[in-house]
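# A closer look at the structure
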Amino acid sequence: MSVRLSAQAEPGEVRQVSGTTPLEKVLDFGKAGRLWLEVEKRGYAPSSVEVTPDTKTITLPLERIGTKDGREAGKAAAPPLRKVLLVGPEVRVTLRRFAKEEVSADQGSRLGSTLADAVRACYSGRADVELLPVAQDGEEESTQKALWRDTRTSMELIDPVRLPYLSEAPRLETRSGRDAARKLGERFGADAILVVSGRQTVETGGMKVGKVALFAAGSAASYAAAYSAAMARGDSLFVYPVYLPAFSQGLLLQAALVRCGDGEVLWINRGVWSPVSPDDSAEAARVMKELFSSLQ
Amino acid sequence: MKKRILVGTLLVLTVMTAAAFTLKMPPPPLIELKGATPWAFAAGLFLPKEAQEYTYALKTSPFDKMTYPLGEQTVGLFEKNLPAVFKSVVRAESPKPAQGVDLVVEPSIVKFEAVVPHPAYNPYTATIVLRVNVYDREGNKIFTQTATGNGQSGKGMASGFKAQSLAAEAAQLAMADAAKQILEALLAAPEIKDYK
């Protein structure tokens with residue numbers, strides 16, 4: 001069940017609550033004094049209803065739907081995975097220095113290797129994991145890019161909580177993406193492809209010292225001077241800390257599991273953690289364990 | 001008393017008007033596409049008027065609002081880069097190609113998110129999801145590709161003095177990232193390869 005603020009669902013919208021029923025939650029009906037509850041179940045058309053603070057009981061009938069080939073949706077049981085092809089983990093590491101930011105390819109590569117080892121450890125005893133070698137050019141590169149494009153967008157647009165309950169199983173968007181999953185599966189003898197990607201932002205010593213200096217020495221006079229200079233440039237965003245930053249330092253990871261045979265997106269998850277050192281395999285293992293916690 | 005209220009109201013309105021600004025985004029970049037050979041088709045680039053004028057407004061404080069001119073940037077980005085994918089590109093007025101045009105490409109913005117940080121020295125980030133639909137001579141959709149792009153920008157402790165340009169840069173990086181994937185997808189699409 002999920003709770004929306006509008007009657008029509010928009011792509012990529014943030015829902016107030018998503019979870020499996022029974023769900024207990026105190027809802028904020030806002031100024032409009034109404035919300036929409038949506039119930040989803042695999043194989044059934046989603047059903048939503050408007051509710052107000054006065055609503056006591058609601059009944060939502062769910063209608064079964066069929067797939068394009070006439071089968072009932074959501075019927076096929078997924079066989080256990082014997083072999084998983086791992087793509088990535090590709091992590092873009094940005095070092096935030098005192099007066100600039102730079103991307104560290106070396107740290108990104110090392111962190112990717114550490115996280116790949118952690119993925120193998122997570123799957124140990126459950127399925128074989130093989131790392132897909134990154135292609136640099138030619139048809140193989142084109143195949144990998146097609147898979148990557150479609151999976152990356154799935155990770156962005158599909159709500160991980162709602163995925164198992166969507167009326168129809170989502171698949172990779174393009175024929176190229178689905179063909180890529182199938183070809184790679186056949187070549188490596190894999191049942192599914194696991195894509196892990198993310199970005200890490202790390203504040204260097206210079207940046208940390210700068211922040212301490214700002215808080216220690218930031219007088220009204222210096223603030224006023226800096227503020228005036230910023231305003232003179234038409235920049236009214238120079239303000240001292242008021243709100244917590246959305247994501248200033250840390251590791252953001254996204255992962256998706258795609259079935260090779262038909263490009264069905266089987267599982268998705270994402271999360272944010274404190275920065276992980278490329279040399280800290282124990283912390284990488286902890287992060288991966290948490291990322292995969294919802295994977296059956 | 002009335003005079004004070006009037007002056008106060010005018011002051012608040014002046015501050016709010018002054019603080020609502022549209023980002024000046026630099027001209028869209030030319031995207032590098034390794035070994036690209038354009039398809040031998042004349043393509044029409046179609047963006048409905050509302051899509052061309054689409055802006056994203058981000059409230060950065062109770063008195064500040066930053067507006068991203070995303071529609072204008074999308075038009076520029078595809079006008080500049082689509083000729084690397086098709087032998088000729090003209091503007092189209094509808095999804096159905098006009099005389100002499102083989103297919104129509106329609107980009108759209110599915111989702112955009114940006115972070116203008118507080119404190120101002122934290123990273124400026126943006127994520128965009130772009131989609132293109134391609135239509136054949138009858139106006140039927142033959143191909144769709146959706147792509148996600150990310151951008152991050154920052155100048156460390158000096159970021160607050162360049163907030164507008166950093167926010168614009170993050171958005172433009174995200175758009176270029178997504179557009180590059182879409183252009184690569186168009187160059188590799190079997191649906192376009194098989195198109196007669």
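Residues numbered from 1 in each chain as written. Chains lettered and ligands numbered in written order. Predicted model: local features only at pLDDT ≥ 70, side-chain atom pairs only at ≥ 80, totals over all residues.

### Points about the overall build of chain A
Applicable threshold: What counts as a helix is a DSSP run of H or I of at least four residues, what counts as a strand is a run of E of at least two, and both are numbered from the N terminus. Each residue is classified by how many other C-beta atoms fall within 10 Å of its C-beta atom, where C-beta atoms are placed from the backbone; a count of 20 or more means buried, 12 or fewer means exposed, and values in between mean partly exposed. For every residue pair, C-beta atoms are placed from the backbone, and the pair is scored as a contact if these atoms sit within 7 Å.
Looking only at helices and strands, chain A has six helices and ten strands in total. The buried share among the 296 residues of chain A stands at 29%. The long-range share in chain A, meaning contacts at least 24 apart out of those at least 6 apart in sequence, stands at 66%.

### Description of the overall build of chain B
Helix and strand counts for chain B stand at five helices and eight strands. Put simply, chain B runs from its N terminus to its C terminus through helices and strands in the order α-β-β-α-β-β-α-β-β-β-β-α-α. Its C-alpha atoms give chain B principal-axis dimensions of roughly 75 × 40 × 20 Å. By the burial criterion, 47% of the 196 residues in chain B qualify as buried.

### Brief notes about the sheet that holds strand β1 (residues 2–4) of chain A
All names here are of chain A. The condition that has to hold: Following DSSP output, two strands are said to pair if at least two bridges run between them.
One open sheet holds the four strands; their spatial order is β2-β1-β3-β4, and the pairing between them is antiparallel. The outermost strands of the open sheet, each flanked by one partner alone, are β2 (17–18) and β4 (47–51). As defined by bridge partners, β1 adjoins strand β3 (residues 35–39) across three bridges and the pair is classed as antiparallel. Following the sheet pairing, Val3 is matched in β3 by Leu37.

### Structural notes on the nonpolar core
Just so we agree on the cut-off: The term nonpolar core means buried Ala, Val, Leu, Ile, Met, Phe, Trp, Tyr and Cys residues held together as one set by C-beta atoms within 7 Å.
In terms of nonpolar packing, the biggest core is built from 56 residues, with B:Leu45, B:Ala167, B:Ala170, B:Ala171, B:Ala178 and B:Ile182 touching the most fellow members. Elements represented by at least two residues in this core include exactly β2 (39–45), β4 (65–68), α3 (70–81), β5 (86–91), β6 (103–115), β7 (124–135), β8 (141–153) and α4 (163–188) of chain B. Here this core takes 16 residues from α4(B), the largest share from any one element. Filtering out sequence-adjacent residues up to four positions away, B:Ala170 remains in contact with B:Ala114, B:Tyr124, B:Thr125, B:Ala126, B:Gly151, B:Gln152 and B:Ser153. A:Val84, A:Ala180, A:Leu184 and A:Ala190 belong to the second-largest nonpolar core, a separate cluster that totals 40 residues.

### Some details on the confidence of the model for chain B
For the record, the criterion: What pLDDT conveys is the predictor's confidence in a given residue, as a value from 0 to 100.
Looking at chain B, the pLDDT average stands at 88 and 90% of residues meet or exceed 70. Interface confidence for the predicted complex, given as ipTM, is 0.85, next to a pTM of 0.82.

### Overview of unusual backbone geometry
Omega for the bond connecting A:Gly88 with A:Pro89 falls within 30 degrees of zero, at -5°, which places this linkage in the cis form. Residue position: A:Pro89 is located in strand β5 (residues 83–96).

### Thoughts on the domain arrangement of chain A
Residue and element names in this part refer to chain A. Quick note on the threshold: For every domain, the bounds stem from an assignment made automatically or drawn from a database. Following the grouping adopted for this structure description, the nonpolar residues are Ala, Val, Leu, Ile, Met, Phe, Trp, Tyr, Cys and Pro, the charged ones are Asp, Glu, Lys and Arg, and the polar ones are all others, Gly among them.
Domain boundaries in chain A define domain 1 (1–66) and domain 2 (83–202 + 246–291). With centres defined by C-alpha atoms, the gap from domain 1 to domain 2 works out at 31 Å. Listed by partner, the interface residues are 13 residues for domain 1 and eight residues for domain 2. Tallied by class, residues from the side of domain 1 that touches domain 2 come to five nonpolar, five polar and three charged.

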